[in-house]
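A closer look at the structure
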Amino acid sequence: MTSAGPQDHVPRRRSFEPAVFWLALAAFVVWTIAVTSGWADRTVDTWLPASPVEPRSYLGQVLEAFSLATSPIFVTLVAASLAVRSYRRRQRHLAVALAIAALGMPLAQILRFLIARPRPETPFADSLSAAGSSYPSGHVLAVTILVWVLVTVANAQRLSVASRVRVRVLGGALIFFTCVDQWAIGTVRLSDMVGGWLFGMVLASAALLISGVEPSDLPWRSRRAAARSGRRAAVVYNPTKVLEFDQFRRRVGGAMIEAGWEAPVWLETEKDDPGHQMARDALAKDVDLVLVAGGDGTVRAVCEEMAGSGVPVGIIPAGTGNLLGRNLGVPLDEDEALDTALGGVPKAVDMIRWSADGKDATFAVMAGVGLDAQIMRDTDERLKKVVKGGAYVVAGVRQVGTEPFKARIRVDGRVVHDGSAIMALVGNVGKLQGGVNLLPDAEAADGRLHVLVARARGVSGWLRLLGSLGQDSPGSPMRRVSGRRVEAELDREVPFQIDGDTEGSTRAFSAEVLPEALLVMSPRPAD
């Protein structure tokens, strides 16, 4: 294993320069003043001859059809659909940028209404493309945004240099032919087209600036890869959680090359093994870092094997919960998570060894018996794909009225609960989805485990329970204590879960903390 660890400096993702936006905006404002003052009518708009195309000719119909295909409405739909697609693939910055691009089209319509520049006389006056005012040109604006969207998506997918060059060339050709089309049907002037292109650049640069997405490189200015350091990583991934694996592989591989890493080892989980053997294989290959892309079950399996190895784990969110990553501040955006995995700092966190029903397991988030396990057991996987965390809420509602069990619980040898309960939870961290903090005092590296015992009987009891989430006030139906070891005896078989996976049922369990057993790549502290 090389001596250079993952914590070595890695080139950080570049932020978009605000100067580009202000320059584009200033150019658009100056050009708009020139247009509204009449200067463009006397100069620029006299440069192009009148189009000889007849509206009902074959060429005229082709030009009208092309105009409809490059309309602002069509481009808005394309940008909006790509924004949704990017969000589902955890490219959150890209999704925001594309959403801003989509919202820019209605903004342009408002601007055209306010300027109210009449269209030039044209035999195509009855065309849909001739509706409304002419400045700035909606079609040129739309295709400028569309080209920017396609180039940005190609850059985010880390396509080959040749593929990105083709996208840019085709994009430039699309803008050129749109201008030719608009001139041929005579619905706008040259100054309108220039204004549309400038305003499109304003919207594109604003989208980059606001979203924080990485700007698209010019093809002749491709990023220079960092010097190879000899470091190598393994990527353990769950194929059911990683969408569009080819794109994911390009992005991870590209990020590693830019950061100076060797090509990674790729290890795919299997239906009967969420990551245990894959993590062992990674360690056998003497890697410097193990990236894990999957749900909480995959992350737990890998972390269980990596505990005590001294090799850090980098989490790439790909599931619904991503609870360990959330608690450690790992970004949910895939690109930012990659930056953290390759350029963050390794943080030593605790693990918890759990024993129940004659089996031992190690986890880094939470395990428990009762209500939480029943919710995990009854959550519909098909519904979870559609509404994500909302599927847990649906499963939770079904548990209202569940018969409590009796539990005798000792923490560090002291009895902390002896009576009815609907849930007994042991956690290393406390934050859940939606900002709920079940264990407010829990820290991943505090050297302690945290126990929560919940009681509820009848409708009023359940309402009090829901109202006490994240709180520990007097009279609360939740009791929270911490220590280094917990032991519990139950009056009957009760389902239990570990990091979101239902593992079976048990009448007794014990757990103990393993201080600083695991290294996890975490964000660098702010300067």
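Cut-off values and rules
- Residues numbered from 1 in each chain as written.
- Predicted model: local features only at pLDDT ≥ 70, side-chain atom pairs only at ≥ 80, totals over all residues.
- Heavy atoms only, no water.
- Helix = DSSP H or I, 4+ residues; strand = E, 2+ residues; numbered from the N terminus.
- Buried < 20%, exposed > 50% of the residue type's maximum accessible area, 1.4 Å probe, protein only.
- Polar contact = N/O pair within 3.5 Å; in protein donor to acceptor, adjacent residues only side chain to side chain.
- Contact = heavy atoms within 4.5 Å.
- Salt bridge = Lys/Arg side-chain N within 4 Å of Asp/Glu carboxyl O.
- Pairing = 2+ DSSP bridges.
- pLDDT = per-residue confidence, 0-100.
- Patch = residues over 30% accessible without salt bridge, like charges linked within 9 Å, V, L, I, M, F, W, Y side chains within 5 Å.
- Areas by Shrake-Rupley, 256 points an atom, 1.4 Å probe, with all protein chains shown as cover.

The next thing to look at is the side chain of Ser 134. Following the sequence through the fold, Ser 134 ends up in the loop between α5 (92-115) and α6 (138-156). A relative accessible area of 0% means that Ser 134 is categorised as buried. At 3.2 Å, the side chain of Ser 134 forms a polar contact with the side chain of Asp 192. Not counting residues within four places of it along the chain, the set of residues in contact with Ser 134 comprises Arg 117, Pro 118, Arg 119, Thr 187, Val 188, Arg 189 and Asp 192.

Backbone torsion omega between Tyr 135 and Pro 136 reads -10°, so that peptide bond is classified as cis. Position of Pro 136 relative to the elements: it lies in the loop between α5 and α6. The phi torsion at Asp 357 lies on the positive side, around 55°, for a residue other than glycine. Note on placement: Asp 357 falls in the loop between β5 (345-356) and β6 (359-363).

Bringing the pattern of salt bridges into the picture now. Taken as a whole and judged by the stated rule, the model has 16 salt bridges. The salt bridge partner of Glu 334 is Arg 251, with a shortest N-O separation of 2.4 Å. Within this pair, whereas Glu 334 is found in helix α13 (residues 334-343), its partner Arg 251 is found in helix α9 (residues 245-258), the two being separated by 83 residues in sequence. Among the residues examined, Glu 334 registers a relative accessible area of 9% and is labelled buried. A salt bridge links Glu 503 to Arg 300, with the shortest nitrogen-to-oxygen separation between them at 2.9 Å. Of this pair, Glu 503 sits in strand β14 (residues 501-522) while Arg 300 sits in helix α11 (residues 296-306), and the two are 203 residues apart along the sequence. Using a relative accessible area of 36% as the deciding quantity, one classes Glu 503 as partly exposed. Taken together, the salt bridges that share partners define one network made up of Asp 41, Asp 45, Arg 117, Arg 189 and Asp 192.

This part takes up the pairing of strand β10 (residues 423-427). Counting buried residues in β10 gives five out of five residues, a clear majority hidden from the surface. Burial along β10 is two-sided: the residues Met 423, Leu 425 and Gly 427 and Ala 424 and Val 426 are all buried. Of the pairings in the sheet, the one linking strand β7 (residues 366-370) to β10 comprises five bridges and is antiparallel in character. Within the sheet, the bridge partner assigned to Gly 368 lies in β10 and is Leu 425.

Across the six residues that make up strand β3 (residues 289-294), a large majority, six, are buried. Of the two faces of β3, both are covered, the one formed by Leu 289, Leu 291 and Ala 293 as well as the one formed by Val 290, Val 292 and Gly 294. As paired elements, strand β1 (residues 233-237) and β3 share five bridges and run parallel to each other. Bridged to Val 235 within β3 is Leu 291.

The next subject is the confidence of the model for the protein. With 83% of its residues at a pLDDT of at least 70, the protein reaches an overall mean of 83. Long-range and interchain partners of residues 9-14, a stretch whose pLDDT sits below 50, account for 15 contacts in this model, where long-range means more than four residues apart. Of the regions scoring below 50 in pLDDT, residues 216-223 engages in 17 contacts with residues more than four places distant in sequence or in other chains.

The grouping of Leu 107, Ile 110, Phe 113 and Leu 114 at the surface amounts to a nonpolar patch, some 470 Å² of accessible area in total. Summarising the element assignment, Phe 113 is placed in helix α5.

Here we come to the environment of Met 193. Its location among the elements puts Met 193 in helix α8 (residues 190-211). We classify Met 193 as buried; its relative accessible area is 5%. Note: C-alpha distance between Met 193 and Thr 178 (15 residues apart in sequence) is 9.4 Å. Setting aside residues no more than four positions away along its own chain, Met 193 makes contact with Leu 48, Ser 137, Val 140, Cys 179, Gln 182, Trp 183 and Val 188.

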